[in-house]
Each structure stands twice: as structure tokens, then as C-alpha cells.
Amino acid sequence: MSTTTPAAPARADRRPGLVHTFGGRSLGLLVALVVVVAAVALSLAVGSKQIPLGTVVDALTAYDGSADHVVVHDLRVPRTLLGLLVGAALGVSGALIQGMTRNPLADPGILGVNAGAGFGVVLSVALLGATQASTFVWFAFAGAIVATVAVYLVGSQGRGGATPVRLTLAGIALGAFLGGLTLGVTLLDPSAFDRLRAWGGTSGAWGSGSIAGATPATVGDVAPFILCGLLLALLISRPLDAVALGDDLAASLGAHVGRTRLLVGVAITLMCGAATAGAGPVAFVGLMVPHVARWTVGPVQRWIVPYSALLGAVLVLVSDVLGRVVARPGEVPVGIITAFVGAPVLIALVRRTRMSGL
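Residues numbered from 1 in each chain as written. Predicted model: local features only at pLDDT ≥ 70, side-chain atom pairs only at ≥ 80, totals over all residues. Heavy atoms only, no water.

Details of the confidence of the model for the protein chain
Mean pLDDT over the protein chain: 81, with 84% of residues reaching 70 or higher. Taken element by element, the predicted model of the protein chain shows its lowest mean pLDDT in helix α1 (residues 7-13) (39) and its highest in helix α13 (residues 301-325) (94). This model gives residues 1-14 a pLDDT under 50, and the stretch forms 15 contacts once residues within four places in sequence are excluded. (pLDDT = per-residue confidence, 0-100. Helix = DSSP H or I, 4+ residues; strand = E, 2+ residues; numbered from the N terminus. Contact = heavy atoms within 4.5 Å.)

What to know about the pattern of salt bridges
In this structure the tally under the stated criterion is five salt bridges. Across the pair R79 and D320 runs a salt bridge, and its minimum N-O distance is 2.9 Å. Of this pair, R79 sits in helix α4 (residues 67-101) while D320 sits in helix α13, and the two are 241 residues apart along the sequence. As far as burial versus exposure is concerned, R79 and D320 are alike and both buried. Salt-bridge contacts for D241 lead to R302; the nearest nitrogen and oxygen are separated by 3.5 Å. In this pair, D241 is assigned in helix α9 (residues 216-243) and R302 in helix α13, connecting sequence segments 61 residues apart. Judged by its relative accessible area of 36%, R302 is partly exposed. (Salt bridge = Lys/Arg side-chain N within 4 Å of Asp/Glu carboxyl O. Buried < 20%, exposed > 50% of the residue type's maximum accessible area, 1.4 Å probe, protein only.)

What about helix α12 (residues 285-297)?
A rise of 1.5 Å per residue sets the reference length of α12, with its 13 residues, at 18 Å; its end C-alpha atoms lie 18 Å apart and thus fit the reference within 8%. Here α12 lies mainly inside the structure; 11 of its 13 residues are buried. Among the residues making up α12, those that are buried are V285, G286, L287, M288, V289, P290, H291, A293, R294, T296 and V297. Positive backbone phi, at 85 degrees, marks G298, one or two positions downstream of α12. (Expected span 1.5 Å × (residues − 1).)

Observations regarding helix α2 (residues 22-45)
Taking 1.5 Å per residue as the helical rise, α2 with its 24 residues ought to reach 34 Å, and the 35 Å between its terminal C-alpha atoms agrees with that figure. All of the buried residues along α2 are R25, A32, V36, A39, S43, L44 and A45. Contacts from the buried residues of α2 go to α3 (53-61), α4, α12 and α13.

Side note on the side chain of S308
Inspection of the secondary structure puts S308 in helix α13. Other than its neighbours up to four places away in sequence, S308 contacts G91, V92, A95, V289, P290 and A293.

Considerations on the packing of α2 against α13
Where α2 meets α13, the closest approach of the two axes is 9 Å, and the angle between their N-to-C directions is 25 degrees. Classified by the interaxial angle, the pair formed by α2 and α13 is roughly parallel. α2 and α13 meet at a crossing whose hand is left-handed. Looking at the contact of α2 with α13, its residues break down into 17 nonpolar, four polar and two charged. (Axes fitted to C-alpha atoms, helices over the stretch in contact; angles between N-to-C directions. Parallel < 35°, antiparallel > 145°, perpendicular 65-115°, else oblique. Left-handed = near helix turned anticlockwise from the far one by under 90°. Nonpolar A, V, L, I, M, F, W, Y, C, P; charged D, E, K, R; others polar.)

Examining the environment of L127
As for its placement among the helices and strands, L127 is situated in helix α5 (residues 113-128). Accessibility expressed as a relative area gives 66% for L127, which makes it exposed. Taking the C-alpha atoms as reference points, L127 and D189, 62 residues apart in sequence, are found 9.8 Å from one another.

Quick word on a nonpolar patch on the surface
Together, L27, L30, V31, L33, V34, V35 and V37 line one region of the surface with nonpolar side chains, adding up to about 620 Å² of accessible area. Examined against the element boundaries, L30 turns out to sit in helix α2. (Patch = residues over 30% accessible without salt bridge, like charges linked within 9 Å, V, L, I, M, F, W, Y side chains within 5 Å. Areas by Shrake-Rupley, 256 points an atom, 1.4 Å probe, with all protein chains shown as cover.)

Written as C-alpha cells, this is what we have:
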């Protein structure tokens with residue numbers, strides 16, 4: 001068994017992605033950054049009320065309190081900033097989970113991490129009457145940690161240990177269980193349900209994930225944790241490349257396998273917990289984005305992580321813009337749009353015989 005473990009990554013290394021030189025990958029990263037800027041511009045200008053880009057610039061540089069300036073400055077700027085943070089956090093979390101487990105179907109949602117964080121938030125609302133992300137975030141961290149440990153313990157039982165299939169099945173089962181508990185709590189406590197309706201977005205959107213209700217306070221509450229998680233992900237991306245080759249080979253290359261996995265868990269908990277506290281459960285971002293990054297740059301974590309951060313931010317912002325325009329004058333929560341896009345992607349990944357070369 002020890003000789004077959006690193007074989008899959010070795011084959012993956014011979015498929016370097018669309019761009020496989022330092023210059024090409026750097027140029028691609030710059031292009032992705034430009035796309036992020038374009039998505040930010042769309043998020044600030046497009047909505048139930050169209051606002052010209054010139055007015056958007058004026059609102060940011062010469063705020064005068066007019067109606068359009070209030071919409072941009074007080075509503076769309078916090079919403080856009082939260083979308084950037086949540087998209088980057090979920091995209092990078094998915095990349096770390098897939099890289100650590102060598103499971104192309106792994107993401108924070110499928111492995112139950114988001115469900116655990118969401119259940120923690122629901123408990124904070126039902127038991128403590130919490131209403132702010134500054135309180136949500138600590139319960140989200142606790143829920144994410146408990147869910148991660150539970151999935152690993154369940155998935156590692158029996159012969160063969162924690163295989164990717166077992167972890168995926170355990171995560172799906174735990175996510176369904178926690179989802180049922182969350183629904184039960186909200187049905188048994190109508191006042192908690194009323195408070196949860198504003199969690200992460202518009203009325204009734206709490207179960208789908210939304211950034212519509214973002215405020216400067218929300219952004220300030222979750223930003224430090226997400227930024228710390230992103231920085232940690234960048235720092236551990238290089239040793240994660242070695243861990244992906246298998247424990248024995250990684251140790252022979254000088255990688256500290258246990259420490260790397262612990263730091264990956266800390267980074268995932270910080271990012272998923274804060275993202276869920278700020279926006280609710282946004283699905284499929286962590287599944288789709290790392291695959292696009294891997295198809296582009298190959299199975300190299302030190303490139304996959306920054307690409308996933310940028311592409312995740314683009315996906316969430318563009319999905320949010322689409323949610324604003326497809327049901328005018330109402331809105332569709334961003335989590336529904338990402339799920340609508342992500343479900344076909346998941347089906348396509350399951351049908352592929354060689355999924356992204358993990």
C-alpha cells in the first residue's frame with residue numbers, strides 16, 4: 001500500500017495544467033486580479049437600481065450624501081467587501097481540504113464543516129439571543145471544529161483508515177444530520193427563526209447564504225479571521241505539496257506532516273467559521289473553484305491557493321450580481337445561485353474517471 005499511495009500524485013504531476021511556467025502562472029494571476037476588479041465594479045454598479053460607474057467613483061471619492069451615494073457607500077461597499085472575503089475564504093478552504101485529503105469531491109460543505117459552523121450559529125441565536133457576527137463567529141468556529149473532528153473520527157474507522165470516499169460519506173451524513181438539527185431548532189423556537197432570517201442576508205435567506213445584509217460591522221467582525229486564515233494558507237501551501245505525495249514520502253522530503261495537517265485545520269476553521277458567520281452557508285464555492293485553479297496551473301498548491309482566493313471572490317460576487325437581476329425587484333440569495341451552478345459541476349466531477357489529477 002505504501003508504494004501505491006504516491007502514484008496518483010505522480011501521474012498528476014505530468015499534467016501541468018494550461019499554464020506551467022512561472023511567467024505564465026504569474027500572468028494568469030494578474031488576469032484573475034483584473035477580473036476581480038471588474039467583478040467589484042459590477043457589484044458596486046449593478047442591482048435593483050443601476051448606478052453609473054462615474055457615480056460609483058464619485059461616491060467613493062467625493063461622498064455627498066445623495067441617494068445614489070448612500071446606496072453605494074452604505075449598502076454596496078460592505079456587501080462587496082463581504083463577498084470578496086467569503087469567496088476567497090471558501091475557495092481557499094476547498095483547495096486546502098482537497099489537497100490534504102487528496103479527494104477531488106471534498107469541500108467545506110460536503111465534508112460537513114459549513115454545516116457544523118452553521119449549527120453553531122443557530123445555537124448561539126437560540127440559546128443566547130445573539131444578533132451580531134462578532135458573537136456568531138465564535139460559535140461558528142466551535143461548530144466547524146467539532147464537525148471536522150467528527151468527520152475524521154467516523155471516516156477513519158475500520159480497515160484502511162480515513163479514505164477519501166469514507167471522509168466524503170461521513171461528511172455528507174454529518175451535514176444532513178446537523179442540517180436536520182438546525183431545522184428542528186428553528187421550528188421549535190419561532191423567535192430564533194425570526195432572528196435567523198436576517199443572518200447573512202434578506203428575509204428568509206438564512207438557509208441559503210446571502211451577503212445582502214452586510215454592514216461595515218459585519219465586515220469588521222469577520223475580516224481579521226479570514227485574512228489570518230488566508231495568510232496561513234499561503235504559508236503552508238508549499239509543505240502541503242509534499243503531504244499530497246503521501247505521508248512516508250513527505251516525511252522523507254523533510255515535511256512535518258502532523259504540523260502541516262494541524263495548520264491546515266486551523267486555517268480551514270478560521271476561514272469557514274468566519275465566512276459562515278458573516279454570510280450563512282454558501283454552497284459549492286469550495287468545490288468548484290479549486291478545480292478551475294488546478295486545471296489552470298496544475299497540482300501545485302502554492303499556485304492553487306492564490307488562484308482559488310481570486311477565483312472564489314469572482315464567483316461569489318458575480319453570483320450575487322446575478323441574484324440581484326434575475327428576480328427584480330426582489331433578489332435571489334447568492335447561495336442559491338452558487339448551488340445552481342455547482343450541482344452540474346458536481347455531477348460532471350463524479351462522472352469523470354480522472355478528476356483533476358489529485
